[in-house]
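Structural overview
Each chain, letter by letter, is given below.
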Amino acid sequence: MRRAMAERRFSRVAILMGGPSAEREVSLSSGRECAAALREAGYDVVEIDAGQGTDVRTLPDRLRAARPEVVFNALHGPFGEGGAVQGMLEVLGLPYTHSGVAASALAMDKQRAKTVLAAAGVPVPTGRIVPRAEAAAAHAMPPPYVVKPNAEGSSVGVHIVPEGANRPPALGPEMPGEVLVEAFAPGRELTVSAIGAPGEERALAVTDILSAGGGWYDYAAKYETGGSRHVLPADLPSGIAEACRAHALTAHRALGCRSLSRTDFRFDDATGALLALETNTQPGMTPTSLTPEQALHDGMSFPALCAFLAEDASCDR
């Protein structure tokens, strides 16, 4: 990774942000912060809002007009993380940050990604894909369990059904036609980032996420001021931190991720159970987001992190 950072291949960077997803505002925040960091690192930066609705169709033309040497993908949600934008950039022949088409699509599909992780030896919760109407009509598994979209991020659309619940969750039309029903994993919220150029990947320190009021790490806890507190490095029993780091690195490689990923875990102090919930190929990128905090703890400033991602960008074409 140090070698990749030392070599300056690019000078003009386009930041892709915003876009048509439930995480649009978060992406705009990430994009602005990354743009400022890259300018501080000496890059010529142009900021591009991927747009919404029909605006998205003009994105290839706007990218051509911007004439970047590399694209920094700061989009969140299925459009920016699920392989669509990555495929477009491949067609345009533009190097881009983070994971490629296949890894992005696989990691966005939570159930398929869990199948890959389990085969690689990473422990995951049991779960299955269920039609929305079926999940709303009766319990799809004994409570406690979780119902969520199979291809969304940032806790969007997550319903927790507690133990003893008499009824299944009320799932509105905003939920997809098929949902992921997954056994509830109790315990502490932990997360680990894996970072590095190919063959040089390493896992960073483990963060323990403490949500305000002791609740779970939902959308508000992630993005509202005072919604959560990050303990870095996490105070964990012997061996658990190393297990998290090892599993995060395994997940990164098994899914075929590139440059950077972050894997979220649940650890139950009472039973010692450690389960990986999902791997995020494009973690939040503000200076106070989880991955930049872990990188800083490891000695990498936010501008250096953004510069590494830009310089490690690739295009298979």
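Notes on the structure follow. (Residues numbered from 1 in each chain as written. Predicted model: local features only at pLDDT ≥ 70, side-chain atom pairs only at ≥ 80, totals over all residues. Heavy atoms only, no water.)

Regarding the packing of helix α2 (residues 24-40) against helix α12 (residues 302-311)
For the pair α2 and α12, the least separation of the axes is 8 Å and the interaxial angle reads 90°. As the angle between them shows, α2 and α12 are arranged roughly perpendicular. Contact residues: Glu33, Cys34, Ala37, Leu38 and Glu40 in α2; Phe302, Pro303, Cys306, Ala307 and Ala310 in α12. When its residues are assigned to classes, the contact of α2 with α12 shows 8 nonpolar, no polar and 2 charged. (Axes fitted to C-alpha atoms, helices over the stretch in contact; angles between N-to-C directions. Helix = DSSP H or I, 4+ residues; strand = E, 2+ residues; numbered from the N terminus. Parallel < 35°, antiparallel > 145°, perpendicular 65-115°, else oblique. Contact = heavy atoms within 4.5 Å. Nonpolar A, V, L, I, M, F, W, Y, C, P; charged D, E, K, R; others polar.)

Some remarks on the packing of helix α6 (residues 101-108) against helix α7 (residues 110-119)
Here α6 crosses α7 at 105°, and the two axes come no closer than 5 Å. Regarding the angle of α6 to α7, the classification is roughly perpendicular. Along the contact surface, α6 presents Leu106, Ala107 and Met108, while α7 presents Lys110, Arg112, Ala113 and Val116. Classifying every residue of the contact of α6 with α7 by side-chain character gives 5 nonpolar, no polar and 2 charged.

Observations concerning the pairing of strand β8 (residues 188-196)
Of all the 9 residues making up β8, 9 are buried; the element is thus mostly covered by neighbouring parts of the structure. Residues Arg188, Leu190, Val192, Ala194 and Gly196 of β8 are buried on one face, and the alternating residues Glu189, Thr191, Ser193 and Ile195, pointing to the opposite face, are buried as well. Bridge count for β8 against strand β12 (residues 259-267) is 9 bridges, and the pairing is antiparallel. Bridge pairing links arginine 188 to phenylalanine 267 in β12. Pairing of β8 with strand β10 (residues 207-211) involves 3 bridges; the strand directions are antiparallel. In the strand pairing of β10, threonine 191 is matched with threonine 207. Pairing of β8 with strand β9 (residues 202-203), which is carried by 2 bridges, proceeds in the antiparallel orientation. Bridged to alanine 194 within β9 is alanine 203. Hairpin connection from β8 to β9: 5 residues lie between these consecutive antiparallel strands, with glycine 199 at a positive phi of about 85°. (Buried < 20%, exposed > 50% of the residue type's maximum accessible area, 1.4 Å probe, protein only. Pairing = 2+ DSSP bridges.)

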